[in-house]
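Summary of structural features
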Amino acid sequence: MDVCQITDPTDPRVREFARMRDPQLRDSLADGYGAFLAEGLVVVERTLRAGHRPRRVLTEARWVEALEPLLAGRGVPVHVAERSVLRAITGYPEHPGPLATFDRPPERAVADVLAGARRLVVLEDTVNPTNMGVLFRCAAGLGIDGVLLTPRCTDPLYRRSVRASMGEIFAIGWARFDAWPDGLAALRGAGFTVAAMTPGPGSVPLDAYDAAAVDRLAVLLGTEGPGLSDAALAAADVRLSIPMSNGVDSLNVGAAAAVACWVLGRRPS
Ligand SMILES: C[S@@+](CC[C@H](N)C(=O)[O-])C[C@H]1O[C@@H](n2cnc3c(N)ncnc32)[C@H](O)[C@@H]1O
């Protein structure tokens with residue numbers, strides 16, 4: 001492994017990590033696709049396992065031994081710094097493990113994610129990167145084949161999102177619609193039944209819906225504040241709710257996704 005010590009936070013070799021915010025990292029680098037940042041040993045390991053190409057690693061010395069087998073033979077520069085220097089470089093108060101930059105892969109086409117999928121999650125305007133990561137982890141872990149995003153959704157490859165997913169962003173395919181709600185036509189064209197998750201009145205309780213009778217099902221989840229748009233609700237074949245108790249009006253979108261994916265991930269045998 002190609003290890004070097006960094007003592008100066010302004011060292012140009014660690015510029016990629018230097019207070020670089022996600023949009024800059026995405027847009028600034030040479031190969032047209034930019035980079036994304038993975039943080040933490042497990043996340044770095046899963047990102048590597050998913051086949052992404054590492055660019056550089058920045059870490060405290062205590063993680064070097066664990067990185068050794070992951071990076072052996074890859075020719076990736078590993079920059080080691082004291083905690084105080086690391087903080088000065090990144091501007092983050094804490095580092096739960098090594099940081100690694102990776103080449104950002106090109107985004108996939110919606111048609112590519114639709115092909116062969118039978119259970120999809122469609123996220124309308126999910127803006128919070130932590131929620132995005134949680135949603136991907138739920139979808140991947142609970143039997144969903146892919147995730148589709150509306151144009152205003154945050155980027156799944158932002159640092160907090162990759163971290164909150166524990167690297168499971170890479171476990172299933174995803175793509176972004178060019179236009180919304182026009183993108184619903186592509187779902188219909190591919191034969192998907194569209195189920196809108198909404199706590200609003202008139203919804204069918206989730207446990208009364210026979211998901212196992214539906215061949216191709218797309219599950220719509222709404223934005224964190226107002227929920228699903230009128231257009232999405234109007235276009236859905238069915239509205240489903242998770243019945244609530246104690247006067248609570250709704251769940252966080254990630255918690256709602258966990259319940260919905262568990263029930264709706266079931267498919268005809
Ligand atoms: C924080 S909620 C938005 C709440 C918003 N007031 C509404 O009426 O939808 C974000 C998303 O999580 C899903 N959700 C949350 N609680 C739900 C419930 N009890 N039943 C069905 N979906 C729910 C919906 O897709 C919703 O758009």
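That block above? That's the structure.
Okay, so let's go over this structure.

**Looking at the overall build of the chain**
On a plain count of helices and strands, the chain comes out with 10 helices and 12 strands. Compactness check: the chain gives a C-alpha radius of gyration of 20 Å against a globular reference of 18 Å for 269 residues, within 12% of the reference. Dimensions of the chain, computed from C-alpha atoms along their principal axes, come out at roughly 60 × 40 × 30 Å. Put simply, of all contacts in the chain between residues at least 6 apart along the chain, 79% involve residues at least 24 apart. If you sum the accessible surface of the chain, you get close to 12,200 Å²; carbon and sulfur atoms cover 51% of it. The distance from the centre of the 29 positive side-chain charges to the centre of the 31 negative ones in the chain is 2 Å.

**Structural notes on helix H10 (residues 253-264)**
With 12 residues, H10 ought to run about 16 Å at 1.5 Å a step, and its terminal C-alpha atoms sit 15 Å apart, in line with that. Among the residues making up H10, those that are buried are Val-253, Gly-254, Ala-256, Ala-257, Ala-260, Cys-261, Val-263 and Leu-264. Those residues of H10 hidden inside the fold are in contact with strand S6 (119-123), helix H6 (129-141), strand S9 (193-197), strand S11 (217-221) and strand S12 (238-241). Capping the start of H10, Asn-252 holds a side-chain oxygen 2.6 Å from the backbone nitrogen of Gly-254, two or three residues further along.

**Overview of the nonpolar core**
Within the largest apolar cluster, 51 residues are counted, with the highest numbers of intra-cluster contacts made by Leu-123, Met-197, Leu-221 and Leu-264. Ranked by the residues each element gives to this core, the list is headed by H10, at seven residues. When we break this core down by domain, the ones giving at least three residues each are domain 1 (2-103) and domain 2 (110-264). Among residues more than four places away in sequence, those in contact with Leu-123 are Met-132, Leu-135, Val-147, Leu-148, Leu-149, Thr-150, Cys-153 and Leu-221. Grouped together as the second largest cluster of nonpolar side chains are 21 residues, Ala-117, Val-122, Phe-192 and Ala-236 included.

**Some details on the site of the ligand**
Around the ligand, a shell composed of 19 residues is seen, among which Met-197, Gly-222, Ile-242, Met-244 and Leu-251 lie nearest. In the model, a nitrogen atom of the ligand is placed 3.5 Å from a nitrogen or oxygen of the Thr-198 main chain. Contact between the ligand and Leu-251: a nitrogen atom at 2.9 Å from a main-chain N or O atom of the residue. Contact with the protein chains hides 87% of the accessible area of the ligand, taken as 550 Å² for the molecule alone. Listing elements by their share of the shell around the ligand, those giving two or more residues are S12 and H10.

**Side note on the packing of aromatic side chains**
Scanning the model with the defined rule gives four aromatic pairs in all. An angle of 15° between the planes, with centres 5.5 Å apart, marks the rings of Phe-36 and Phe-102 as stacked. Of the two residues, Phe-36 sits in strand S2 (residues 35-39) while Phe-102 sits in strand S5 (residues 99-103), which places them 66 residues apart along the sequence. Residue Phe-36 shares its accessibility class with Phe-102, and that shared class is buried. Here the aromatic rings of Phe-136 and Trp-174 are separated by 6.4 Å at their centres, their planes lie at 85°, and the arrangement is edge-to-face. Pair noted here: Phe-136 is in helix H6 and Trp-174 is in strand S8 (residues 173-176), with a separation of 38 residues, a long-range link. For the pair Phe-136 and Trp-174, one class covers both residues: buried.

**Some points on the side chain of Thr-47**
Relative to the elements of secondary structure, Thr-47 occurs in helix H2 (residues 41-49). What makes Thr-47 buried here is its relative accessible area of 0%. The residues contacting Thr-47, other than those within four sequence positions of it, are Phe-36, Ala-38, His-52, Phe-102 and Phe-170.

**Overview of the packing of H2 against helix H3 (residues 64-71)**
Describing two packed helices takes the angle between their axes plus the distance from one axis to the other. Axis separation between H2 and H3 bottoms out at 11 Å; the angle between their running directions is 5°. As summarised for this structure, H2 and H3 are arranged roughly parallel, according to the angle between their axes. Across from Leu-41, Glu-45 and Leu-48 in H2, the residues of H3 making contact are Ala-66, Leu-67, Leu-70 and Leu-71.

Reading guide: rules and limits
- In this numbering scheme, every chain counts its residues from 1 along its sequence in written order.
- Thresholds applied to this predicted model are a pLDDT of at least 70 for local features of residues and 80 or more for the giving and counting of side-chain atom pairs; totals over whole chains, interfaces and linings are not thresholded and use all residues.
- For the side-chain quantities, the full set of heavy atoms in the structure was used; hydrogens and water were omitted.
- Secondary structure elements follow DSSP: runs of H or I no shorter than four residues count as helices, runs of E no shorter than two count as strands, and numbering proceeds from the N terminus.
- Note that the radius of gyration is over C-alpha atoms, with the globule rule given as 2.2 Å times the number of residues to the power 0.38.
- Whether two residues are in contact is decided by their heavy atoms: any pair within 4.5 Å suffices.
- Accessible surface is estimated by sampling points in the Shrake-Rupley manner with a 1.4 Å probe; for residues, cover comes only from the protein chains shown.
- Charge counting follows a simple rule: Lys and Arg are positive, Asp and Glu are negative, and His as well as the terminal groups are ignored.
- Here the site of a charge means NZ on Lys, CZ on Arg, CG on Asp, or CD on Glu.
- An expected span of 1.5 Å times one less than the residue number is assigned to each helix.
- Under the scheme applied here, a residue whose accessible area is under 20% of the maximum for its type counts as buried, over 50% as exposed, and between as partly exposed, the area being computed with a 1.4 Å probe on protein chains only.
- Under the rule applied, a polar contact is a pair of N or O atoms within 3.5 Å (in protein, one hydrogen donor and one hydrogen acceptor; residues adjacent in sequence only if both atoms are side-chain atoms).
- Nonpolar core, defined: a set of buried Ala, Val, Leu, Ile, Met, Phe, Trp, Tyr and Cys residues in which side-chain atoms within 4.5 Å join the residues together.
- Domain boundaries shown here were taken from an automatic or database domain assignment.
- Near, as used in this document, describes a residue that has one of its heavy atoms within 4 Å of the molecule or strand being considered.
- Here the aromatic set is Phe, Tyr and Trp, taking the six-membered ring for Trp, and pairing holds for ring centres within 6.5 Å; pairs whose planes are under 30 degrees apart are stacked, those over 60 apart are edge-to-face, and all others are tilted.
- To get an axis, a line is fitted to the C-alpha atoms, and for a helix only the part in contact is used. The angle between two axes follows their N-to-C directions and goes from 0 to 180 degrees.
- Each angle gets one of four labels, with under 35 degrees taken as roughly parallel, over 145 as roughly antiparallel, 65 to 115 as roughly perpendicular, and the rest as oblique.

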